[in-house]
Amino acid sequence: GAVVSQHPSWVICKSGTSVKIECRSLDFQATTMFWYRQFPKQSLMLMATSNEGSKATYEQGVEKDKFLINHASLTLSTLTVTSAHPEDSSFYICSAHTGNQPQHFGDGTRLSIL
Amino acid sequence: GQQVMQIPQYQHVQEGEDFTTYCNSSTTLSNIQWYKQRPGGHPVFLIQLVKSGEVKKQKRLTFQFGEAKKNSSLHITATQTTDVGTYFCAGNFNKFYFGSGTKLNVKP
């Protein structure tokens with residue numbers, strides 16, 4: 001099946017640090033990548049939709065200057081959490097999607113801000 | 001914004017009992033997907049339903065999509081301990097919104 005690689009899987013860093021998370025579709029070209037955030041015992045909340053070559057579309061309440069998304073190619077999207085603070089600690093998951101196919105998820109990144 | 005409601009939030013069953021989780025949308029969906037997530041893991045795709053009234057089976061799992069393409073259900077027959085996890089539906093509104101999930105616990 002389709003494989004999506006997400007890196008890093010775990011990040012612990014100090015408050016004020018910017019953290020970049022990569023999402024790669026390894027064996028197919030993804031027209032769209034989605035970024036989700038999941039707090040403990042909660043559902044996945046869509047943060048933004050990323051299309052190759054265009055600006056990301058952010059969900060209501062998600063700060064675009066805080067969560068920078070770059071979709072440089074059909075196989076790579078990055079999410080940068082800028083000046084991260086403890087309240088940004090969460091599980092971030094990307095998924096890659098094309099056409100009417102199911103979205104395929106990365107393994108997620110657990111972000112802990114001290 | 002678009003919402004997908006999912007119930008129940010939790011379900012505790014004895015091994016061998018059946019289990020059902022339901023999802024409902026206020027607007028018509030292009031399709032709906034179902035996922036299973038184990039603690040510490042990422043969502044694993046189970047199935048996608050596209051057609052009105054569609055019913056699909058995977059061994060002990062039966063998935064249904066309503067005639068109006070606004071609701072869906074996942075039914076597990078004779079649960080096993082390996083079925084433990086959280087089941088999510090995700091409605092496709094040209095982007096995916098997840099239901100709140102149903103956490104299933106199966107007692108041996």
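In the block above lies the structure referred to throughout.
It should be emphasised that the depicted structure is a prediction, and the values quoted were computed from it without experimental measurement.

This part covers the state of the cysteines. One covalent bond between the sulfur atoms of two cysteine residues makes up a disulfide. Residues and elements named next belong to chain A. Under the counting rule described, the total for this entry stands at two disulfides over all chains. At a sulfur-sulfur separation of 2.0 Å, the disulfide partner of C23 is C94. For the disulfide bridge between C23 and C94, the dihedral angle about the S-S bond is near 80°, and by the sign convention the bridge is right-handed. Of this pair, C23 sits in strand 3 (residues 19-25) while C94 sits in strand 9 (residues 90-97), and the two are 71 residues apart along the sequence. Judged by its relative accessible area of 0%, C23 falls in the buried class.

Residues in a regular strand project their side chains so that they alternate between the two faces of the sheet. Sheet topology places strand 4 (residues 32-37) of chain B next to strand 5 (residues 44-49) of chain B; five bridges connect them, and they run antiparallel. Bridge pairing links B:W34 to B:I47 in strand 5 of chain B.

Our focus in this paragraph is the environment of B:T81. Residues and elements named next belong to chain B. On the secondary structure map, T81 appears in the loop between strand 8 (71-76) and strand 9 (85-92). On the basis of relative accessible area, T81 is assigned to the partly exposed category, the value being 34%. Separated by 19 residues in the primary sequence, T81 and S100 have C-alpha atoms spaced 22 Å apart. Leave out the neighbours within four places in its chain, and T81 touches E15, V106 and P108.

Using the criterion set out here, one finds five salt bridges over all chains in the structure. The shortest N-O distance in the salt bridge between B:K95 and A:E59 comes to 2.7 Å. Placement of B:K95 in the loop between strand 9 and strand 10 (96-98) and of A:E59 in the loop between strand 6 (57-58) and strand 7 (67-73) is noted, with the two residues assigned to different chains.

Moving on, we come to a nonpolar patch on the surface. The grouping of A:W10, A:I12 and A:L114 at the surface amounts to a nonpolar patch, some 380 Å² of accessible area in total. Relative to the helices and strands, A:L114 is located in the segment after strand 11 (109-113).

Before going further, it helps to spend a moment on the interface of chain A and chain B. Facing the 21 residues of chain A at the interface are 18 residues of chain B. Carbon and sulfur atoms supply 56% of the area that chain A and chain B bury against each other, a total of about 1,500 Å² over both sides. Applying the counting criterion to the chain A and chain B interface returns one salt bridge. Counting across the interface, chain A meets chain B through six residue pairs in polar contact (both at pLDDT 80 or more). Mapped onto the side of chain A that touches chain B, the elements with two or more residues apiece are strand 4 (32-38), strand 5 (44-51) and strand 9 of chain A.

Right, let's talk about the sheet that holds strand 3 (residues 19-25) of chain B for a bit. All names here are of chain B. Overall, antiparallel pairing links the five strands, which are arranged 1-3-8-7-6 in an open sheet. Strand pairing shows two members of the sheet lacking a second neighbour, strand 1 (4-7) and strand 6 (55-58), which therefore form its edges. On average, each strand axis in the sheet is tilted by 15° relative to the strand beside it, whichever way the strands run. The sheet contact formed by strand 3 and strand 8 spans six bridges and is antiparallel. What sits directly across from T20, in strand 8, is H75.

Of all residues except glycine, most have a negative phi; of all peptide bonds, most are trans. Note that the residue after A:H7, namely A:P8, is joined by a cis bond; omega there is 0°. With respect to the helices and strands, A:P8 occurs in the loop between strand 1 (4-7) and strand 2 (10-13). For the bond running from B:I7 to B:P8, omega is -10°, close enough to zero to count as cis. The residue B:P8 is located in the loop between strand 1 and strand 2 (10-14) in this model. Despite not being glycine, A:S83 shows a phi value in the positive range, around 45°. Structurally, A:S83 can be placed in the loop between strand 8 (76-81) and strand 9. For A:S83, a relative accessible area of 34% corresponds to the partly exposed category. One non-glycine residue, B:A78, lies in the positive phi region at around 50°. Tracing the backbone shows B:A78 in the loop between strand 8 and strand 9.

About the cut-offs
Residues numbered from 1 in each chain as written. Chains lettered and ligands numbered in written order. Predicted model: local features only at pLDDT ≥ 70, side-chain atom pairs only at ≥ 80, totals over all residues. Heavy atoms only, no water. Disulfide = S-S within 2.5 Å. Helix = DSSP H or I, 4+ residues; strand = E, 2+ residues; numbered from the N terminus. Buried < 20%, exposed > 50% of the residue type's maximum accessible area, 1.4 Å probe, protein only. Pairing = 2+ DSSP bridges. Contact = heavy atoms within 4.5 Å. Salt bridge = Lys/Arg side-chain N within 4 Å of Asp/Glu carboxyl O. Patch = residues over 30% accessible without salt bridge, like charges linked within 9 Å, V, L, I, M, F, W, Y side chains within 5 Å. Areas by Shrake-Rupley, 256 points an atom, 1.4 Å probe, with all protein chains shown as cover. Buried area = accessible area lost by both parts, 1.4 Å probe. Polar contact = N/O pair within 3.5 Å; in protein donor to acceptor, adjacent residues only side chain to side chain. Axes fitted to C-alpha atoms, helices over the stretch in contact; angles between N-to-C directions.

Nothing here speaks to function; it is geometry throughout.
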